[in-house]
Amino acid sequence: MAVVQRLKWFKEQQRFAAYPVGFGPHHGCAAVWPNIGRYGSWAWSVIWDGWFGEDGIAESKQEAADAATAAWWKLVATPIPRDVESEIAVLIARAPVMPPPNHLLTEDRDYLVRLNRALALQYADELRSGQLPGPIKNLMESLSAELYRRRVSPQRGG
């Protein structure tokens with residue numbers, strides 16, 4: 001097993017905690033505390049809201065700190081989950097005033113379909129009346145063309 005960097009632990013009111021990337025509500029935390037459910041044991045947890053969380057029980061404070069440290073370094077190496085709904089909402093909000101990112105059409109099929117449907121819902125009245133703003137019309141045409149290209153040559157796109 002690779003040697004991992006030890007976390008810097010701080011004594012808090014009822015636990016020991018480590019904040020490997022600094023203090024703050026959006027940063028992760030590792031913690032160990034006496035386990036009241038089983039005398040002499042220690043509970044541990046590592047959490048980064050919206051990304052990961054893991055916990056466990058150890059026989060000693062040192063074992064709990066070691067387990068939390070190992071879990072922290074294992075979990076922090078995992079990919080950050082995407083918030084696709086927020087990404088799509090931001091794309092739609094920006095679409096009238098700024099072009100989509102260059103990588104947009106490299107996204108997987110599901111992402112492009114979701115974006116296309118969200119645009120169609122947001123601009124339903126304008127679609128019915130044939131009054132789509134130019135940037136929205138161009139974006140929807142690009143999405144449709146890319147999705148069609150993938151249907152007729154599936155070996156070339158996600």
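Above this text sits the structure in question.
## Comments concerning the packing of aromatic side chains
Aromatic ring pairs are defined here through the distance separating the ring centres and the angle between the ring planes. Taken as a whole, this structure holds six aromatic pairs when the rule is applied. Pairing Trp48 with Trp51 gives two aromatic rings, centres 5.0 Å apart and planes at 65°, and the pair type is edge-to-face. Neither residue differs from the other here; Trp48 and Trp51 are each classed as buried. Members of the aromatic cluster, each reached through a chain of ring pairs, are Trp48, Trp51, Phe52 and Trp72.

## Some details on the environment of Lys11
Following the sequence through the fold, Lys11 ends up in strand E1 (residues 9-11). For Lys11, a relative accessible area of 59% corresponds to the exposed category. Expressed as a C-alpha distance, the spacing of Lys11 and Pro96, which sit 85 residues apart in the sequence, is 51 Å.

## Things to note about the side chain of Arg150
Locating Arg150 in the fold gives a position in helix H5 (residues 134-152). For Arg150, a relative accessible area of 8% corresponds to the buried category. For Arg150, the side chain forms a polar contact with the main-chain oxygen of Glu107, separated by 2.8 Å.

## Observations regarding the packing of helix H2 (residues 84-94) against helix H3 (residues 109-122)
A packed helix pair is summarised by two numbers, namely the angle formed by the two axes and the spacing between the axes. Here H2 crosses H3 at 50°, and the two axes come no closer than 10 Å. Judged by the angle between their axes, H2 and H3 are oblique. Crossing of H2 over H3 shows right-handed handedness. Residues Val84, Glu85, Glu87, Ile88, Leu91 and Ile92 of H2 form the contact with H3, whose participating residues are Tyr111, Arg114, Leu115, Ala118, Leu119 and Gln122. In terms of residue class, the contact of H2 with H3 is made up of eight nonpolar, one polar and three charged.

Parameters and conventions
- Residues numbered from 1 in each chain as written.
- Predicted model: local features only at pLDDT ≥ 70, side-chain atom pairs only at ≥ 80, totals over all residues.
- Heavy atoms only, no water.
- Phe/Tyr/Trp six-rings, centres within 6.5 Å; stacked < 30°, edge-to-face > 60°.
- Buried < 20%, exposed > 50% of the residue type's maximum accessible area, 1.4 Å probe, protein only.
- Helix = DSSP H or I, 4+ residues; strand = E, 2+ residues; numbered from the N terminus.
- Polar contact = N/O pair within 3.5 Å; in protein donor to acceptor, adjacent residues only side chain to side chain.
- Axes fitted to C-alpha atoms, helices over the stretch in contact; angles between N-to-C directions.
- Parallel < 35°, antiparallel > 145°, perpendicular 65-115°, else oblique.
- Left-handed = near helix turned anticlockwise from the far one by under 90°.
- Contact = heavy atoms within 4.5 Å.
- Nonpolar A, V, L, I, M, F, W, Y, C, P; charged D, E, K, R; others polar.

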